[in-house]
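Given next are the chains, with one letter for each unit.
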Amino acid sequence: SLVESKPVHKVGQDDKSRNKPCPNKTKSVGKRTDFEEKDKEYGVLRVIATCSGNHVTLYEVQSQPMANKPHEASKGPLKVRQAYVDSDAEEIFYTCAFGGRGANLQKFILEQRAALSSALTDHFVKEKLESKDQVVLSSKQPSPLTKRQRTEGSSLPATEGFSKCDNIPQMHSQNILSDKKITCRVKHQITKNFYQFLGNFYCFDGPQLLCCAGKRGVIKVIDTTRKALILTLSGHGDEVYDMKFSPIDEWLLLTASKDESIRLWNLQSATCVAIFAGHNGHRDSVLAVDFHPLGNMFVSAGMDTTIKLWNLDNEVVSQAIIQSRERKYLSGQNVHDSKEIKSQNETEQHYNSVFRTRFEQIPCFSTKQVHTDYVDCVQFMGNLVLSKSISNAIVLWKPDLSDAKCGYICDKVIALREFHINQCESWFIRFHTFNFMLAVGNNIGEIKIWKICSSPQKRHFANLTHQHCTSTIRMVSFSPDGNSLVAVCDDATIWKWDTN
């Protein structure tokens, strides 16, 4: 079945220039989560994120209850869930991705409410013992408190910023909550603890964060639970074209930029771990990156027609990743102290408290033998690589790393198969894979699907078309269960196909 959703926002005209990416190109990412109480009836919730212009929109799949059919969680029509617009009207988002973890507000509220309830009860018992009265805890007839007992007492633990007293759990000591002085103190502690909780990414275990970037070169991190922008990462000197999260560490993010560099970020500590650029790096815009399934290396490609493999297991980068996880590098804790530094030891200690980004200039593999034009999409398939150029071809090949040595850059390629595509000369058209299935769109609104392991003589086994889908398809994305395929187009439409 095919579902066409109405465009959430209109975008400019199609721009097929080779020098600048189309301002309305979009990217969609499948996601599974179960945040918010109302989603529990559906079991697994599928969410799709798209970006276009200065907007980012989240759609949810309106599936039937999945108690008996969890494998069909991706089937059903789309519905707008959330939408964000950047304050900068000239910002154009080119890419978005899910990763990291947001604040689990429901879990935090339950834990803090339990602690608050226990503390208030202990406070009630303590005050009664000090007054040498017999303590009788009864929900029907609570013992009254004297004025002295109301004004004295230790600070209480805090939870989320309640705006009303009746949001605090009902307890035996009702008189404590009804007293205005105690309530104000509780509210103050609640607010203080809540903001401390929001500033500590190390305790986050909620739904995934949504990251987006584009023309301004700034990565913006959105918490979809709090519905707010919580972090911005600045460092790139030009537009950001692609971003990918590590398969083994959900906090590590790779970004590819027009400034000819790739940056590795740690969202948990808000640090730039390493920069991959320089003498042996890319000589033009970097258009695509992807992690190896084991997370020990990544591949990059760009306008210089080269494809490079970078090692993350070397001593310099691996140590930098470990150090970036330390809590002392959290934003706000490594700021210069206002006091004067009086000794050399204090100077060294302060210098070591600031994270130092590493620079890598030598990849472990680099080749121009696969393509002769822009390489705008690349992806690992195990130890093999799939790469796409604007010359109407996707190539499956294997990098020969048998001669890999320290400081030596390998360049030998073993070509395995080539997939021919028509009407796909525009750059920034991305393919996607799922379980040896390869899907890609083109300039006339068609989607071709191949079985990667099938015979090279066989053509694509599926061709998805619709009479109203005639504009360039910028990206396609399979759902995590493979039962649905989503495509995003230049005319601001989103198309979704479900398997029978």
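Residues numbered from 1 in each chain as written. Predicted model: local features only at pLDDT ≥ 70, side-chain atom pairs only at ≥ 80, totals over all residues. Heavy atoms only, no water.

(A) Examining the overall build of the protein chain more closely. Along the backbone of the protein chain there are six helices and 29 strands. Per-residue burial for the protein chain yields a buried fraction of 52% across its 500 residues. Here the analysis covers contacts within the protein chain between residues at least 6 apart in sequence; of these, 60% occur between residues at least 24 apart. For the protein chain, the computed accessible surface area is about 23,800 Å², with 49% contributed by carbon and sulfur atoms. (Helix = DSSP H or I, 4+ residues; strand = E, 2+ residues; numbered from the N terminus. Buried < 20%, exposed > 50% of the residue type's maximum accessible area, 1.4 Å probe, protein only. Contact = heavy atoms within 4.5 Å. Areas by Shrake-Rupley, 256 points an atom, 1.4 Å probe, with all protein chains shown as cover.)

(B) Inspection of the pattern of salt bridges at higher detail. The tally for this structure, following the rule as stated, stands at 14 salt bridges. Ionic pairing is found between glutamate 90 and arginine 216, a salt bridge with its closest N-O pair at 3.1 Å. In this pair, glutamate 90 is assigned in the loop between strand 5 (78-85) and strand 6 (93-99) and arginine 216 in the loop between strand 7 (209-214) and strand 8 (219-223), connecting sequence segments 126 residues apart. Between aspartate 376 and lysine 388 there is a salt bridge, and its shortest N-O distance comes to 3.0 Å. Residue aspartate 376 is found in strand 19 (residues 375-381), and its partner lysine 388 is found in strand 20 (residues 384-389); the two are separated by 12 residues along the sequence. Each of the two residues, aspartate 376 as well as lysine 388, counts as buried. One salt-bridge network, held together by shared partners, links Asp88, Glu90 and Arg216. (Salt bridge = Lys/Arg side-chain N within 4 Å of Asp/Glu carboxyl O.)

(C) View of the sheet that holds strand 24 (residues 437-441). Taken in spatial order, the four strands of this open sheet run 23-24-25-26, and their pairing is antiparallel. At either end of the open sheet lies a strand with only one pairing partner, and these are strand 23 (432-434) and strand 26 (462-464). This sheet shows a mean twist of 20° between the axes of neighbouring strands, independent of strand direction. By the bridge criterion, three bridges tie strand 25 (residues 447-451) to strand 26 in an arrangement that is antiparallel. If you follow isoleucine 447 over to strand 26, its bridge partner there is leucine 464. (Pairing = 2+ DSSP bridges. Axes fitted to C-alpha atoms, helices over the stretch in contact; angles between N-to-C directions.)

(D) Fine view of the sheet that holds strand 20. Across the sheet, four strands lie side by side as 19-20-21-22; this open sheet has antiparallel pairing. The open sheet is flanked by strand 19 and strand 22 (413-420), the only strands paired with a single partner. Looking at each pair of strands side by side, their axes are set apart by 20° on average, direction ignored. Sheet topology note: the strand 19/strand 20 ladder contains six bridges and is antiparallel. Looking at the pairing, cysteine 377 lines up with lysine 388 of strand 20.

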